[in-house]
Amino acid sequence: MPAVERVLIVGGGTAGSALAALLARGGVAVDIAEIKPDLTALGSGITLQGNALRVLRDLGVYDEIAASGFAFDSLGIRAPDGSLVAEIPDARTGGPDLPATLGMERPRLAAALAGAVREAGARTRYGLTVTALDDHGDSVTARLSDGTSAAYDLVVGADGIRSAVRGLIGVDVAPRPAGMGIWRVHTRRPEGVERTDLVYGGPCFIAGYCPTGPDSMYAYLVEKARPRESVAGADRAAHMRELAEGYGGAWDEIRAGITDPDRVNYTWFESLLVDRPWNRGRTVLIGDAAHACPPTLAQGAAQCLEDAWVLAELLLDSGTLGQKLFDAFMERRYERARAVVEASVQLAEWQLDPSPDADVPGLMGRIAAMVTERP
């Protein structure tokens, strides 16, 4: 018997949607409160490593995302002029029957997960969030932004790096800037771009791109963090083109296509790690609400999905809900998530402050080996 009958998930992103679908399939009544007014997803594209694809396959959406995304099994390292320096086989962290990496458009991933939520029978309420939580020991009363309230066996905060739930349960942890900012653009894929290629050097710390479909890709430039308001919205495309002037090869075509400022976004690299346990009573944090990291390892979505998979398994198999279940969740998730966050931050720090002792391949290899194992 499941440990819970009614669950409220705050946040309908990657972690929240995956958890909702898994629990609803197991017979749990699930509500999602999503603050956005409709099904939208910010950002240009997303890189999914094999361990993320493994969970998406368990969710039954892998075939759908594979059909709309772009899979590849190697990583290219290039010089600023576009010449190939090295081609590195990428770790197949989801197992030999899944690609090492798949790039796709974020809205397509969001749509696939939303479809899984609907098919499982969970309910998503848009334009809604939680304003207060009252834990009674055997249930939690959630007061919602539309003035209503309802009792649940469990509340899950899956509402992102700036989680409202985190504050409501008294967890005083805020995101920390990593010192880098990233410019991203979603654009047309040049012929010959069939995997992620990275350039270290030139005017930016990193210049890279990832194919996201038959004719699409996202490209990115990583520089030292600047004030977010320092480049006006209308100037974003011109600024990204200027940064891209230092790169050749595929970047010549990419640069020419950076014309629409609305297709360019700029964000900081940030990190966050909530110390264990991630619950306060019958409210628990997952995904970016509990841990978030710079995208230097492309493990953010994978770790969110793993949270959902492990928590769903425990809730569906345990029979009762108590601190013992949350402790078991921490035993399987905390050290793994911490290792990913710390390694992602370390890679950013080595870019900002180069060290002769930096062992980038070794660090990346250790994380790849760890996430290849099921959590």
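For clarity, every value in this text was computed on a predicted model and none was experimentally measured. (Residues numbered from 1 in each chain as written. Predicted model: local features only at pLDDT ≥ 70, side-chain atom pairs only at ≥ 80, totals over all residues. Heavy atoms only, no water.)

K.L.:
Even after reading the chapter, I still don't get the side chain of serine 216, so can you show me in this structure?
P.N.:
Its place among the elements puts serine 216 in strand E16 (residues 216-224). Reaching out from serine 216, the side chain makes a polar contact with the side chain of glutamate 105 at a distance of 3.2 Å. At 3.4 Å, the side chain of serine 216 and the backbone nitrogen of glycine 213 are in polar contact. Apart from the residues lying within four places of it in its own chain, the contact partners of serine 216 are Glu105, His186, Thr187, Arg189 and Pro211. (Helix = DSSP H or I, 4+ residues; strand = E, 2+ residues; numbered from the N terminus. Polar contact = N/O pair within 3.5 Å; in protein donor to acceptor, adjacent residues only side chain to side chain. Contact = heavy atoms within 4.5 Å.)

K.L.:
Help me out: how do you make sense of unusual backbone geometry in this one?
P.N.:
Excluding glycine, a negative phi dihedral is what most residues carry, and trans is how most peptide bonds are arranged. In this chain, arginine 276 is followed by proline 277 through a cis amide linkage whose omega measures 0 degrees. Even without being glycine, alanine 298 reaches a positive phi, approximately 55 degrees. Among the structural elements, alanine 298 can be located in the loop between strand E20 (291-292) and helix H8 (300-318).

K.L.:
I'm lost on the layout of surface pockets in this one. Help?
P.N.:
Unoccupied space between atoms shows up once a probe the size of one water molecule is rolled over them. The volume enclosed by the second largest pocket comes to roughly 230 Å³. In terms of lining residues, the second largest pocket is bounded by Val173, Ala174, Arg176, Pro177, Ala178, Ser271, Leu272, Leu273, Val341, Glu342, Val345 and Glu349. At the level of secondary structure, the elements contributing two or more residues to the lining of the second largest pocket comprise strand E13 (176-188), strand E17 (264-273) and helix H9 (323-352). Sort the elements by how many residues they give to the lining of the second largest pocket and H9 lands first, with four residues. Looking at the lining of the second largest pocket residue by residue, the class counts come to eight nonpolar, one polar and three charged. (1 Å grid on protein atoms, 1.4 Å probe; cavity = no way out; pocket = protein on both sides within 12 Å on 5 of 7 lines; lining within 4 Å. Points joined across faces, edges and corners; volume = space filled by probe spheres on them. Nonpolar A, V, L, I, M, F, W, Y, C, P; charged D, E, K, R; others polar.)

K.L.:
Would you mind going over the pattern of salt bridges with me for this structure?
P.N.:
Charged atoms that come close allow side chains of opposite charge to pair. For the coordinates displayed, the defined rule picks out 24 salt bridges. Between arginine 123 and aspartate 31 there is a salt bridge; the shortest N-O distance is 3.1 Å. Placement of the pair is arginine 123 in strand E8 (residues 123-126) and aspartate 31 in strand E2 (residues 29-34), with a sequence separation of 92 residues. Classification of aspartate 31 as buried rests on a relative accessible area of 9%. The salt bridge partner of aspartate 97 is arginine 57, with a shortest N-O separation of 2.8 Å. Pair noted here: aspartate 97 is in the loop between strand E6 (84-89) and strand E7 (101-104) and arginine 57 is in helix H2 (residues 50-59), with a separation of 40 residues, a long-range link. Given the relative accessible area of 32%, arginine 57 is considered partly exposed. (Salt bridge = Lys/Arg side-chain N within 4 Å of Asp/Glu carboxyl O. Buried < 20%, exposed > 50% of the residue type's maximum accessible area, 1.4 Å probe, protein only.)

Fair warning: the whole summary comes from geometry, so function is off the table for now.
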